[in-house]
Amino acid sequence: MTDEKRVVADDDLFQQGHRGRLRQKFLNGQLSHDDMFELLLSYPIPRRDVRPLARRLMATYGGIHQVLSAPIESLVQNNGVKINTAIFLKVIQQIMLMDYREHLERQEVFRDVTNLTNYCRTQLMGKKIEEFHVLYLSDTYKLLADD
């Protein structure tokens with residue numbers, strides 16, 4: 001085996017070990033936000049060191065939530081983020097939003113202005129185009145619809 005091939009093989013073994021260590025740290029509840037985002041990116045980008053990309057995206061957008069909230073068009077402008085990775089991140093965001101809406105439909109959440117503010121921020125964060133929403137509430141302040 002040539003030295004160049006040996007280095008590539010050693011890098012592959014390190015990456016496999018590194019990702020395994022990240023997964024184990026996750027299972028033990030010991031991951032930092034940066035490491036958690038790195039682990040997340042390792043699934044749509046399986047054969048590359050994603051640590052630099054994860055850190056760059058976090059620095060560019062300001063945090064995990066902001067990365068997930070960024071438009072696909074913005075995400076793919078980052079070197080190392082292709083359309084499949086951007087879609088993967090947006091699917092995660094949409095799952096979180098759907099679950100949050102379902103939670104709100106079961107709760108009397110809008111009795112408190114803080115809950116209303118948090119809901120609006122969650123729905124609108126990362127959007128570049130102004131939106132107008134009408135929230136329909138039941139008589140017990142449960143969310144019926146968001147148009």
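Just so we're clear, the structure is a prediction, and the values are computed from it rather than from any experiment.

**Let's talk about the overall build of the protein chain**
- Helix and strand counts for the protein chain come out as seven helices and two strands.
- Its helices and strands taken in sequence order, the protein chain reads α-α-α-α-α-α-α-β-β from the N to the C terminus.
- Relative to its 147 residues, the protein chain shows a buried fraction of 28%.
- Once local pairs closer than 6 in sequence are excluded, the contacts in the protein chain between residues at least 24 apart make up 39%.
- Accessible surface computed for the protein chain: about 10,000 Å², of which carbon and sulfur atoms make up 55%.

**Description of the confidence of the model for the protein chain**
- Of all residues in the protein chain, 83% attain a pLDDT of 70 or more, and the chain-wide mean is 81.
- Below a pLDDT of 50 lies the segment residues 3–11, which in the model reaches one contact outside its immediate sequence neighbourhood of four places, other chains included.

**With respect to a nonpolar patch on the surface**
- A surface patch of nonpolar side chains, about 500 Å² in accessible area, is lined by Val-76, Ile-83, Ile-87, Val-91, Ile-95 and Met-98.
- Here Val-76 is to be found in the loop between helix H5 (72–75) and helix H6 (83–106).
- A residue is classified by how much of its surface remains accessible, and Val-76, at 33% relative accessible area, is partly exposed.

**Regarding the pairing of strand S2 (residues 143–146)**
- Across three bridges, the pairing between strand S1 (residues 135–137) and S2 is antiparallel. Each residue of the ladder has a partner; that of Tyr-136, found in S2, is Ala-145.
- Hairpin connection between S1 and S2: a loop of five residues separates the two successive antiparallel strands, and Tyr-141 in this loop has a positive phi of roughly 70°.

**Section: helix H3 (residues 51–61)**
- Taken together, the buried positions of H3 are occupied by Leu-53, Ala-54, Leu-57, Met-58 and Tyr-61. Seen from one end, H3 has its buried residues packed into an arc of 130°, which puts them on one side.
- Taken together, the buried residues of H3 touch helix H2 (33–41), helix H4 (64–69) and H5.
- Just downstream of H3 lies Gly-62, where phi reads positive at about 100°.

**Focus on the pattern of salt bridges**
- The final tally for this structure, using the stated rule, is three salt bridges.
- With its nearest N and O atoms 3.5 Å apart, the salt bridge here joins Asp-35 to Lys-25. Pair noted here: Asp-35 is in helix H2 and Lys-25 is in helix H1 (residues 3–27), with a separation of 10 residues, a long-range link.
- We classify Asp-35 as buried; its relative accessible area is 9%.
- A residue is classified by how much of its surface remains accessible, and Lys-25, at 32% relative accessible area, is partly exposed.
- What you see here is one network of salt bridges that share partners, running through Lys-25, Asp-35, Glu-38 and Arg-51.

**Focus: the side chain of Asn-78**
- With respect to the helices and strands, the residue Asn-78 is situated in the loop between H5 and H6.
- Here Asn-78 is in contact with Leu-57, Thr-60 and Tyr-61, once residues within four sequence places are set aside.

Rules of the game
- Residues numbered from 1 in each chain as written.
- Predicted model: local features only at pLDDT ≥ 70, side-chain atom pairs only at ≥ 80, totals over all residues.
- Heavy atoms only, no water.
- Helix = DSSP H or I, 4+ residues; strand = E, 2+ residues; numbered from the N terminus.
- Buried < 20%, exposed > 50% of the residue type's maximum accessible area, 1.4 Å probe, protein only.
- Contact = heavy atoms within 4.5 Å.
- Areas by Shrake-Rupley, 256 points an atom, 1.4 Å probe, with all protein chains shown as cover.
- pLDDT = per-residue confidence, 0-100.
- Patch = residues over 30% accessible without salt bridge, like charges linked within 9 Å, V, L, I, M, F, W, Y side chains within 5 Å.
- Salt bridge = Lys/Arg side-chain N within 4 Å of Asp/Glu carboxyl O.
- Pairing = 2+ DSSP bridges.
- Arc of directions from axis to C-beta.

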